[in-house]
Amino acid sequence: MNSHETNVTRQTFDNVMVPTYAPSDMVPVRGSGLEVWDQAGKHYLDFTAGIAVTNLGHAHPALIAALGDQAHILWHVGNGYTNEPVLRLAQAITEATFADRAFFCNSGAEANEAAFKLARKYAHTQFGPHKSRIISCTHSFHGRTLFTVSVGGQPKYTEGFEPLPPEIAHIPFNDIDAARATIDDDVCAVVVEPVQGEGGVIPARREYLQALRDCCDKTGALLIFDEVQCGVGRTGFLYAYMGYGVTPDVLTSAKALGNGYPVAAMLTTHAIGNVLTPATHGTTFGGNPLAATVALKVLETINTPQFLARVQQAATVLTTMLENLVRDYPQVLSHVRGSGLLLGIVLAPAYLGRAKEISRAAEAQGLMLLIAGPDVLRFAPALIVSDAQIEEANQLCRRTLDGFLTG
Ligand SMILES: *Cc1c(COP(=O)(O)O)cnc(C)c1O
C-alpha cells in the first residue's frame, strides 16, 4: 500500500503531530473556489481563505496551469544562480509598488525577519550601533520566529521562550502621542500592520500612519509595513498602503502572494536594500522557480483595475450584510470593523470570549469562519466571492446565531 492510501483521521493529528494547533474535528480534503469538502463529503462555504491566503479561491485554473507548466521546466537551482521566473516576479512587483528591490523568502515571519535585520544593518552602517531599537504596536502580530514573535505585541506568544532579543519596545496602536513620545534617534525601525489582523481586525487611522511616517523621517528610522495579511488585494488595493496614501520604506508580503504556495517578499528601495550585500542574508528556497511562477500569476490576476474594483464592491456588500446581522442580533454582536474583505464582528459584552464557539457552530452549519482573538469573528473570504455567496453566508450566519440563542 502506498503511504498516501493509509487511513488518516483527525485522531491521527493527536497521535503524531506536535500539538501547536487545535484544529477542527473536520479534515478538509478538496476545494474549488470558495467551496470545500471534508473527509465525510460534507460541503462548506469557505469564508476563511486559509487565513487570508487563498485570495483567488481553491484550485484556481490559471494557477494550476502555471504551477503545472513550471513543474515540468525547473524546480530549483540554488542561490548560486538566479532564475527567469524570480526575475520576472521581481520586475512585476517593483513596477507595481513603491519598491525598487525585492528579497524573496517563504513565509511572513521570514519576510519580517529580513525586514528587521535590514533595519538593524541599515542603521548600523548609516548611523552607528546605538541606533538599534525597534518599535512595534501592542496586539500586533509579525510571525513566530524568536525575533518576529518578540517584535509582535502579544506577550502570550513569547511566554516561556525567554531570553528574548533586546531593544524592542511596544506602543499602543493608533496612538499618535505615544508614537511621538517614543520614536527617538535610537530607533532603527517602526513596524506596523496597516490593518491589524490577528490582533482583532483593526484598521490603522490614516493620520496615525502619516504620523509614523513623519516620526521616521525626522529620526532616520525605517517605516516597515507588515502587509502579510492585508496585502495582495485584500483591502481593495494591491497593497493597503496605496489606499492610505502613506508609503513605507520596507513592505512585507506573504500569505496570499502564493495563494497557498509558500512564498513571501520583502520590498524596499535601492538605497536601503543595497546594505544587504552578498552573504549578509539569504534562504535556500526563497524565490525558487515554482514559487515565483505562482506568485507572478497571482499578481497579474489581482493587480488589474477591474479585479480590485470588484473587491471593493464585494467589500461593500459584505460590510452591509454584517452590519445587518449586528442590527438583528444585538444580544450577541456589537459592531463591524475592518477594511476591504478583511472584516470583523466584535461580540457584544454578554458573549465576549465565545468567538471560537460561534465559529465552530457556523462550521456545523457549513460555513467556515475565522476568529481574531476570543472576542472577534473574522470574515476573510477569497476575493472572488460572489454576491450570491455573501447572501449564502448571511443565511448560514443567521441559522448559526438562531441556534446559538435558543441552544
Ligand atoms: C500571518 C502573519 C504573519 C506570519 O506569517 P507566516 O507566514 O505565518 O510566518 C506575519 N504578519 C502578519 C500581519 C500576519 O498576519
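Everything quoted here is computed from the prediction, not taken from an experiment.

1. As for the site of the ligand
Link 1 in the chain: The environment of the ligand is formed by S107, G108, A109, N112, F141, H142, G143, E193, D226, V228, Q229 and K255.
Link 2 in the chain: G108 is positioned such that a nitrogen or oxygen atom in its backbone is 2.8 Å from an oxygen atom of the ligand.
Link 3 in the chain: Within the side chain of D226, a nitrogen or oxygen atom sits 2.7 Å from a nitrogen atom of the ligand.
Link 4 in the chain: Contact with the protein chains removes 81% of the 380 Å² of surface that the ligand exposes when unbound.
Link 5 in the chain: If you tally residues by element for the shell around the ligand, the top one is helix α5 (residues 108-126), at three residues.
Link 6 in the chain: When its residues are assigned to classes, the shell around the ligand shows three nonpolar, six polar and three charged.

2. Thoughts on the sheet that holds strand β2 (residues 35-38)
Link 1 in the chain: The mixed open sheet is built from four strands, whose spatial order is β1-β2-β3-β15. Each edge of the open sheet carries a strand with a single partner, namely β1 (28-32) and β15 (367-368).
Link 2 in the chain: Inspection of the sheet shows β1 paired to β2 by four bridges, in the antiparallel sense. Residue R30 lies in a different strand from β2, and its bridge partner there is W37.
Link 3 in the chain: Set on the sheet, helix α14 (residues 387-406) makes contact with β3 (43-46) and β15; between it and β3 the angle comes to about 115°.

3. Points about the environment of F116
Link 1 in the chain: Within the secondary structure layout, F116 lies in helix α5.
Link 2 in the chain: Leaving out residues up to four positions away in the same chain, F116 has contacts with I134, H142, F147, T148, V151, V191 and I224.

4. Some points on the packing of helix α4 (residues 84-96) against helix α11 (residues 289-302)
Link 1 in the chain: Interhelical geometry of α4 versus α11 gives an angle of 35° and a closest axis separation of 8 Å. Considering only the axes of α4 and α11, their crossing is left-handed. In this structure, α4 uses P85, V86, R88, L89, A92 and I93 to contact α11, whose residues at the interface are P289, A292, T293, A295, L296 and L299.
Link 2 in the chain: Residue composition of the contact of α4 with α11, by class: 10 nonpolar, one polar and one charged.

5. So, the environment of A314
Link 1 in the chain: Summarising the element assignment, A314 is placed in helix α12 (residues 305-328).
Link 2 in the chain: Taking C-alpha positions, A314 is 8.2 Å from G340, a pair spaced 26 residues apart along the chain.
Link 3 in the chain: Apart from residues no more than four positions distant in its own chain, A314 is found in contact with L341, V385 and I390.

6. Quick notes on the environment of G128
Link 1 in the chain: Tracing the backbone shows G128 in the loop between α5 and β5 (133-137).
Link 2 in the chain: For G128, a relative accessible area of 13% puts it in the buried group.
Link 3 in the chain: G128 sits 58 residues away from D186 along the chain, and the two C-alpha atoms are 9.8 Å apart.

7. Some thoughts on the nonpolar core
Link 1 in the chain: Ranked by size, the top nonpolar core spans 98 residues in total, and within it F47, Y208 and L333 carry the most contacts.
Link 2 in the chain: The leading source of residues in this core is α12, at 10 residues.
Link 3 in the chain: When residues of this core are sorted by domain, at least three fall in each of domain 1 (3-59 + 305-406) and domain 2 (74-302).

The rules we used
Residues numbered from 1 in each chain as written. Predicted model: local features only at pLDDT ≥ 70, side-chain atom pairs only at ≥ 80, totals over all residues. Heavy atoms only, no water. Near = heavy atom within 4 Å. Polar contact = N/O pair within 3.5 Å; in protein donor to acceptor, adjacent residues only side chain to side chain. Areas by Shrake-Rupley, 256 points an atom, 1.4 Å probe, with all protein chains shown as cover. Helix = DSSP H or I, 4+ residues; strand = E, 2+ residues; numbered from the N terminus. Nonpolar A, V, L, I, M, F, W, Y, C, P; charged D, E, K, R; others polar. Pairing = 2+ DSSP bridges. Contact = heavy atoms within 4.5 Å. Axes fitted to C-alpha atoms, helices over the stretch in contact; angles between N-to-C directions. Left-handed = near helix turned anticlockwise from the far one by under 90°. Buried < 20%, exposed > 50% of the residue type's maximum accessible area, 1.4 Å probe, protein only. Core = buried A, V, L, I, M, F, W, Y, C linked by side-chain atoms within 4.5 Å. Domains from an automatic or database assignment.

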